Amino acid sequence: MPRTNHHAAWIAVLAAAVLLGAPGRADALVTLYGPTGMDWDIYENTYGYIYDGENDAYDYCYYLEVGGTRYYASGSAGTTIWSGRGVQMAPHLIGQVRVVRTAYVPDTGTHDYLRYYDTFENTSSSPATVSVRYYGDLGSDTSTIITATSSGDTTVDLTDTWYCTHDSSSVTTPCGHVWTDGIITSPTAMTMMSDDISTSFSVDIPAGKTRALMIFAVQGATRTDVQTTVEWLATMPSAALTGLTGTDEQQIVNWHTSGAPIITVVTETLEVEEGGDLSLEVAVTDIEGDPFDVYWELNEDGHFDDGTGTTATFSAIGFDGPTTATVSVRAQDSSEERILDIDITVLNALPVFNSDPAVDPGLDAYRGREWIYYLDVTDPANADGTFRDPVIVSVPVKPEGMIYFGDMHFEWTPRADGSDVGLHTLRIEADDRDGDEGEIAVQEVTIEVLENAPPDAPTIVSPDGTTVGTSRPALIVDNASDFDGDDLSYTFEVATVGDFLPTSVVVRGQVFEGTDGQTEWIVTVDLMDATRYYWRVWANDGRADGPPASSSFDVDYSLMPDTDPDTSTDTITDTIPPFPTPGDTDCGCRTLSSPGSSLPWVLLSLAALALIRKRRG
């Protein structure tokens, strides 16, 4: 078909569109010129195919068909991207698969090509397998010939990853078609009849995920130019991926790059909440079987020093979701390396309530008694100590009379007349204003106001952190107060450890309240010397225990008084004056002159004892 006929047909189409009021902008063709001056006309608001190329090449070529249904942009204008070198066309929902076409033409270099990057999003909750077909007319009519293929012959079949076409008379521009690297996903069908081409793929798409196919159309001034470009693209140089993000690359199922190790992402869900961790895993294969090393860059500093091997952990601390974080993994063998960028979606996390009124102060309140709750709520985006997300607290439901203060605490005193006795709801909402409407953290509790108020804690009098000189000290407290005026009893506990677990409690006792404003209990077992003891006491009004008061004391036997100083039968060693020594003149007794002179005194003593015994007889 001559080019002038194409233009005439196009004018007719535009005229019809204007007359019919067809949607879409008038310039439905996006025309881009490649670096060697080749013309690429892209029909952006219908099927996204190549309407025309240079010198009548590509005559309505590269239609896209999914599951037997042709992609159609519904007359909507595309979006210009990549600094005007690309166009993203409107989505088309085909069954449960959302299809988006993107075309790109470089403006620098020596290779002239158009790259299609087509995405297929499975919007359902079940995995899907879809058939995808590219087809169309090359414009070279019945004189089309195959000038080269990847398998080295001039026949198009499934052994080919690319092929080049021209017409036998060299009237049209030579073309090239690059489909896959043949390693990941290869075509399921590939034909060329006359100048009509058709290549099909089968694409597996997990539920809720997106997969992509990337193919290339090539033009060149000569057949050699085309083959050079095709062979260059088959090595997947980084220039061929211009504009694609790490996520875009991860979604491609029919390509890997050159001879460097191939990296594929194993982790299925690349999402993590701010402040959280995400375990990452990749699979790495080297086609030549060369040994390789794997390095990670996880903190966006450009240095691959954050981990080695095929697994790593990404920390979202320091990120304020919703946002995207990019980590990179590098696989290198002895001569080549590949870097894959992995885009991770950092989700907004709801504020976290660190305090719980069910624990402190408890969900029981009492008439006439104050109930105080100290609120602690934080946002995960601030986990590193940097203030990013302010937390807005609101209290839509609370008991009548309860006050919420700006320093994040609540105070409430149920009425003493008992009118507040019963159940009450407290609902607290925390919002960081980062989530969608309705995404707030909620703490809701039911507080019960009881008729009976337990007694207050008694006040420690003694011993209070002091040392006692007795094995059975008296424990004394000032009496507790009771709002209801109930008669109180007191429970005392003595333990060797301040946790008062059953294994550490030495003795326990109970007494009725003393009448003089104080209550005393004397420990009923002997406590050990040189030992620290912990004690606590609480009051009970016959229905409920009040809170405990606690203290400690040390036992020191050396401080005990000596109750029988003339004997040594008590537990304390008596203090006995020393016996006189020879030459001692201060004792009020006769001085011994020599060891031998003691005999008369001994005889005299014996005589005295005999006289006493005789008188008693």
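**Brief notes about the overall build of the protein**
No. 1: Scanning the protein for helices and strands turns up four helices and 41 strands.
No. 2: Sorting the 617 residues of the protein into buried and exposed places 42% on the buried side.
No. 3: Expressed as a percentage of contacts within the protein between residues at least 6 apart in sequence, the contacts between residues at least 24 apart total 62%.
No. 4: Surface accessibility of the protein: about 30,800 Å² in total, with carbon and sulfur atoms responsible for 52%.

**Observations regarding helix H2 (residues 223-234)**
No. 1: Spanning twelve residues, H2 covers 16 Å between terminal C-alpha atoms, matching the ideal 16 Å at 1.5 Å per step.
No. 2: Turning to H2, its buried residues number three or more, namely Val226, Thr229, Val230 and Leu233. Considered in projection along H2, the buried side chains sweep an arc of 100° and stay on one side of the axis.
No. 3: For H2, the secondary structure elements touched by its buried residues are strand S10 (113-122), strand S13 (162-167), strand S14 (175-178) and strand S17 (210-219).

**Re the sheet that holds strand S34 (residues 459-462)**
No. 1: A sheet is described by the order of its strands in space; here three strands give the open sequence S34-S36-S39, paired in antiparallel fashion. Strands at the two margins of the open sheet, each flanked by one partner only, are S34 and strand S39 (518-522). The sheet shows a mean angle of 30° between the axes of neighbouring strands, taken without regard to direction.
No. 2: The pairing of S34 with strand S36 (residues 474-478) spans three bridges and is classified as antiparallel. Bridge assignment links Ser462 to a residue of S36, and that residue is Ile476.

**Things to note about the confidence of the model for the protein**
No. 1: Across the protein, the average pLDDT comes to 86, with 85% of residues at 70 or higher.
No. 2: The low-confidence segment residues 1-26, where pLDDT is below 50, has 34 contacts with residues more than four positions distant or belonging to other chains.
No. 3: Under a pLDDT of 50 for its full length, residues 572-617 has, in the predicted model, 18 contacts with residues more than four places off or in other chains.

**So, the sheet that holds strand S26 (residues 364-366)**
No. 1: Taken in spatial order, the four strands make up an open sheet running S26-S33-S32-S29, and their pairing is mixed. Edge positions in the sheet fall to S26 and strand S29 (392-397), since each has one partner strand and no second. Between one strand axis and the next, the sheet turns by 30° as a mean value, whatever way the strands run.
No. 2: Summarising the sheet, S26 and strand S33 (residues 441-450) pair through three bridges and their orientation is parallel.

**Some details on the pairing of S10**
No. 1: With nine of ten residues buried, S10 is to be regarded as a mostly interior element.
No. 2: Summarising the sheet, strand S9 (residues 97-104) and S10 pair through eight bridges and their orientation is antiparallel. Directly across from Tyr104, in S10, lies its bridge partner Arg115.
No. 3: One ladder, built from nine bridges, connects S10 with S17; its direction is antiparallel. Bridged to Tyr117 within S17 is Met214.

**Details of the nonpolar core**
No. 1: By size, the foremost hydrophobic cluster in this structure holds 44 residues, and its most contacted members are Tyr58, Tyr62, Phe120, Tyr134 and Trp179.
No. 2: Looking at this core, the element that brings in the most residues is strand S16 (residues 196-205), giving four residues.
No. 3: Formed by 22 residues, the second largest nonpolar core is a distinct cluster that contains Val272, Ala312, Val329 and Ile344.

**A word on the side chain of Ser355**
No. 1: Tracing the backbone shows Ser355 in the loop between strand S25 (352-353) and S26.
No. 2: In terms of polar contacts, Ser355 uses its side chain to reach the backbone amide nitrogen of Asp376, at 2.8 Å.
No. 3: Contacts of Ser355, omitting those with residues within four sequence positions, involve Tyr373, Tyr374, Leu375, Asp376 and Gln443.

**Considering the packing of aromatic side chains**
The description of two aromatic rings rests on the distance between their centres and on the angle between their planes.
No. 1: Tallied over the full model, the rule gives 27 aromatic pairs.
No. 2: Centre to centre, the rings of Tyr47 and Tyr49 are 5.9 Å apart; their planes meet at 20°, and the pair counts as stacked.
No. 3: Look at Tyr113 and Trp232: their rings are 6.0 Å apart centre to centre, the planes differ by 50°, and that puts the pair in the tilted class. On the criterion of sequence distance, the pair formed by Tyr113 in strand S10 and Trp232 in helix H2 is long-range, its members being 119 residues apart.
No. 4: Through pairs of rings, three or more aromatic residues link up here, namely Trp40, Tyr58, Tyr62, Tyr116, Tyr134, Tyr163, Trp179 and Phe201.
No. 5: One cation-aromatic arrangement involves Arg70 over Tyr47; the distance from NZ or CZ to the ring centre is 4.8 Å.
No. 6: Over the aromatic face of Tyr135 sits the side chain of Arg133, whose NZ or CZ is 4.0 Å from the ring centroid.

**A look at the pattern of salt bridges**
No. 1: Scanning the model with the defined rule gives 17 salt bridges in all.
No. 2: Notably, a salt bridge pairs Glu451 with Arg367, separated by 3.2 Å at the nearest N-O pair. Taken together, the positions of Glu451 in the loop between S33 and S34 and Arg367 in the loop between S26 and strand S27 (371-374) put the pair 84 residues apart, joining distant regions of the chain.
No. 3: The exposure class of Glu451 is partly exposed, given its relative accessible area of 44%.
No. 4: For Arg532, the salt bridge goes to Asp554, with nearest N and O atoms at 2.8 Å. Here Arg532, found in strand S40 (residues 531-540), pairs with Asp554, found in strand S41 (residues 549-555); they are 22 residues apart in sequence, far enough to count as distant.
No. 5: Bridged by salt links that share partners, the residues Arg367, Glu451 and Asp484 form one connected network.

**Quick word on the state of the cysteines**
No. 1: The tally for this structure, following the rule as stated, stands at zero disulfides.
No. 2: Cys175 supplies the cysteine sulfur nearest to Cys164, a cysteine that is in no disulfide, at a spacing of 9.4 Å.
No. 3: Left unpaired, Cys175 is separated from the closest cysteine sulfur, that of Cys61, by 7.9 Å.

So, how was this worked out
Counting starts from 1 at the beginning of each chain's written sequence and moves along it residue by residue. Local features in this predicted model are restricted to residues of pLDDT 70 or higher, and side-chain atom pairs are both shown and tallied only at a pLDDT of 80 or more, whereas totals for entire chains, interfaces and linings draw on every residue. Water and hydrogen atoms play no part in the side-chain values, which are based on all heavy atoms of the structure. Here a strand is any run of E in DSSP of at least two residues, a helix any run of H or I of at least four, and the numbering for each starts at the N terminus. Note on classification: 1.4 Å probe, protein chains only; a residue is buried when its accessible area is under 20% of the maximum for its type, exposed when over 50%, partly exposed between these limits. Residues count as neighbours in contact if any of their non-hydrogen atoms are within 4.5 Å of one another. Residue exposure ignores everything except the shown protein chains as possible cover, and the areas themselves are Shrake-Rupley values with a 1.4 Å probe. Helices are assigned an expected span. That span is 1.5 Å times one less than the residue count. Directions pointing from the helix axis toward each C-beta atom define the arc. Two strands are counted as paired when DSSP detects at least two bridges linking them. Simply put, an axis is a line fit to the C-alpha atoms, just over the touching stretch for a helix, and the angle between two N-to-C directions goes from 0 to 180 degrees. Values of pLDDT, ranging from 0 to 100, describe the predictor's confidence in every residue of the model. Residues belong to a common nonpolar core when they are buried Ala, Val, Leu, Ile, Met, Phe, Trp, Tyr or Cys residues joined through side-chain atoms within 4.5 Å. For this analysis, a polar contact is any N or O atom pair within 3.5 Å, provided that within protein one partner can donate a hydrogen and the other can accept it, and provided that sequence-adjacent residues contribute only side-chain to side-chain pairs. Only centres within 6.5 Å qualify two rings of Phe, Tyr or Trp (six-membered ring in Trp) as a pair; their planes then separate them into stacked at under 30 degrees, edge-to-face at over 60, and tilted for everything else. Geometrically, a charge over a ring is one whose NZ (Lys) or CZ (Arg) sits within 6 Å of the ring centre while staying within 35 degrees of the ring normal. By convention in these notes, a salt bridge is any Lys or Arg side-chain nitrogen within 4 Å of a carboxyl oxygen on Asp or Glu. Here, a disulfide means two cysteine sulfur atoms that sit within 2.5 Å of each other.

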